[in-house]
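Given next are the chains, with one letter for each unit.
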Amino acid sequence: MHDILAQEIIEEAVEEKSTEAKASVNTVQGQKVDGVAAVVGDFIILESDIPKELEQIKAAGGSVEGLDNCQVMGMLLENKLYQHHAIQDSIVVADAEVRRSVDYQIEQFLTQTNGSMERLLKFYDQEDEKSFRDEMYEINKAGMLAREMQSKIIEEVEITPEEVRVFFNKIPKEDRPVFGTELKVAQIVAEPKVSEEEKQRVVDRLLQFKADVVENGASFASKAILYSDDKESVSRGGKFTLDRTKPRMVKEFRQVAFSLQEGEVSDPFETDYGFHIIYLEKVRGQEYDVRHILLIPKVSSEAVKEAKERLEKVRQRIVDGDISFADAAKEASDEKETRGDGGQLINPKTQDYNFELTKMDTELYTQIQNLKDGEVSLIQTETDRTGNVKYKILMVTDRIDEHEADYARDYLKIKELALREKQLKAIEKWQKEKIMDTYIKISGDYRDCDFSSNWLKK
């Protein structure tokens with residue numbers, strides 16, 4: 001039956017398709033409050049969703065300049081198509097993951113209203129925080145379903161070297177992409193050492209917290225709020241939800257958390273962030289509700305001074321020509337991620353050594369912008385993720401000036417462009433097929449829109 005319905009646009013009112021559709025067209029004293037603008041599968045789009053979508057785009061920092069209602073409707077139709085088929089294909093998103101996203105977004109929104117929930121609710125025309133969170137939950141869940149569906153469409157799309165070559169050769173020479181200046185950057189890091197006495201002091205304090213919880217029935221959450229150095233989770237009483245199927249937190253943290261029984265408190269353990277204890281609150285299938293307390297050992301002023309002086313000596317040896325930058329990094333750098341590669345930084349976006357100048361992290365750009373090739377920077381001071389100071393020196397080890405795409409030199413970038421084009425074609429093909437196979441109704445003036453996709457099935 002759906003195959004027949006899917007081939008036509010029904011101009012009359014939609015029949016009672018679902019309780020969701022019925023609930024969304026409210027009447028007060030016979031007056032229509034919010035009309036149904038479109039139906040896609042089991043989902044509806046209300047007239048009010050158009051301005052809401054525009055507000056969401058603006059809230060996320062996007063521009064709505066030049067966007068008309070037809071374009072916004074096209075975006076909503078596409079999202080509903082993804083959501084409908086995500087459910088048909090049994091794709092699910094974890095409730096905890098959706099709620100984490102909502103928590104993060106609301107925290108970001110509150111920074112714009114100086115922490116005032118009342119002002120935030122007024123801005124978004126919401127009656128109370130629960131209503132606001134419920135609406136944000138549905139928006140975030142819908143977006144996650146759509147992204148998961150898109151990921152599924154392209155997950156098996158691969159590109160061969162021959163396809164990359166064909167892609168590149170079909171680009172007219174005058175239209176070939178121009179890649180900006182790229183740099184390779186290396187660094188040597190000196191971190192002040194934490195004394196063994198300070199580490200033991202922190203471990204002993206965590207053991208006291210554990211004993212107070214286990215033996216005296218003290219609240220783990222209260223202790224996290226009062227004492228934890230983890231600023232992200234302290235307001236939640238140190239709470240995180242971990243999912244065995246989706247790694248989150250560092251490896252050592254996960255290993256300890258997943259080894260606990262409900263109600264158990266771990267012994268102190270160390271990660272790159274400091275020392276922790278974990279309380280396993282509840283296990284729900286693959287999801288673990290945990291609370292933790294983080295204490296970061298303090299670094300003495302003597303250790304800070306020693307680290308800086310140590311790095312000054314290393315820098316002087318490089319400047320004097322006694323040792324190469326790469327060898328000095330292998331010998332003296334405290335940064336284990338880079339020292340084996342002679343201090344070479346890896347671009348987290350491309351996973352190679354090249355950093356495009358115009359896309360470089362602002363902090364890194366500031367540190368190397370005035371360096372000549374092969375010149376060693378002055379000592380830079382930086383605060384690490386635990387809040388402790390560290391010192392580093394940097395060098396630009398290679399530079400490729402802005403240039404027209406070269407197949408051999410820029411193969412990885414060209415491959416990425418070719419793969420992206422192939423993925424887009426796969427999505428377009430999927431969308432074209434699913435539009436014809438899915439119940440779709442467009443109402444009112446939106447039937448006059450000139451959509452880029454065949455939503456009207458003409």
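Before going into details, it helps to say that this report is about the structure given with it. From a predicted model like this one, the values you see are computed outputs, not experimental measurements.

Here we look at the pairing of strand E13 (residues 389–400)
- When strand E6 (residues 182–190) meets E13, the two strands line up antiparallel, connected through 9 bridges. Its bridge partner being in E13, Ala190 is matched across the sheet by Tyr391.
- Alignment of strand E12 (residues 380–383) against E13, held across 4 bridges, turns out to be antiparallel. When the sheet's bridge partners are listed, Gln380 is paired in E13 with Lys392.

Focus on the sheet that holds strand E11 (residues 354–356)
- The sheet built from 4 strands is open, its strands ordered E11-E6-E13-E12 with antiparallel pairing. Because the sheet does not close on itself, it has two edges, and the strands there are E11 and E12. Neighbour-to-neighbour, the strand axes of this sheet turn through a mean angle of 50 degrees, independent of strand direction.
- Here E6 runs beside E11; their pairing, made up of 3 bridges, is antiparallel. Counted as the bridge partner of Leu183 is Phe355 from E11.
- Most of the contacts of helix H13 (residues 325–332) go to E6, to which it runs at about 35 degrees, and overall it touches E6 and E13.

Examining H13
- Of the residues making up H13, those classed as buried are Phe325, Ala328 and Ala329. Buried positions in H13, seen along its axis, are confined to an arc of 105 degrees and lie on one side of it. Opposite the buried face of H13, at more than 90 degrees from it, the exposed residues are Lys330 and Glu331.
- Residues of H13 that are buried sit in contact with E6, helix H12 (301–319), helix H14 (336–339) and E13.

A few points about the nonpolar core
- Grouped together as the largest cluster of nonpolar side chains are 41 residues, with contacts concentrated most on Met73, Leu77, Leu120, Phe132, Ile442 and Trp455.
- For this core, the secondary structure elements donating two or more residues are strand E3 (36–40), helix H4 (69–88), helix H5 (95–111), helix H6 (117–123), helix H7 (129–154), helix H16 (411–437) and strand E15 (440–442).
- When residues in this core are grouped by element, the largest group, 8 residues, is from H7.
- Beyond its immediate stretch of four places on either side in the chain, Leu120 contacts Ile106, Phe109, Leu110, Thr113 and Phe132.

Thresholds applied
Residues numbered from 1 in each chain as written. Predicted model: local features only at pLDDT ≥ 70, side-chain atom pairs only at ≥ 80, totals over all residues. Heavy atoms only, no water. Pairing = 2+ DSSP bridges. Helix = DSSP H or I, 4+ residues; strand = E, 2+ residues; numbered from the N terminus. Axes fitted to C-alpha atoms, helices over the stretch in contact; angles between N-to-C directions. Contact = heavy atoms within 4.5 Å. Buried < 20%, exposed > 50% of the residue type's maximum accessible area, 1.4 Å probe, protein only. Arc of directions from axis to C-beta. Core = buried A, V, L, I, M, F, W, Y, C linked by side-chain atoms within 4.5 Å.

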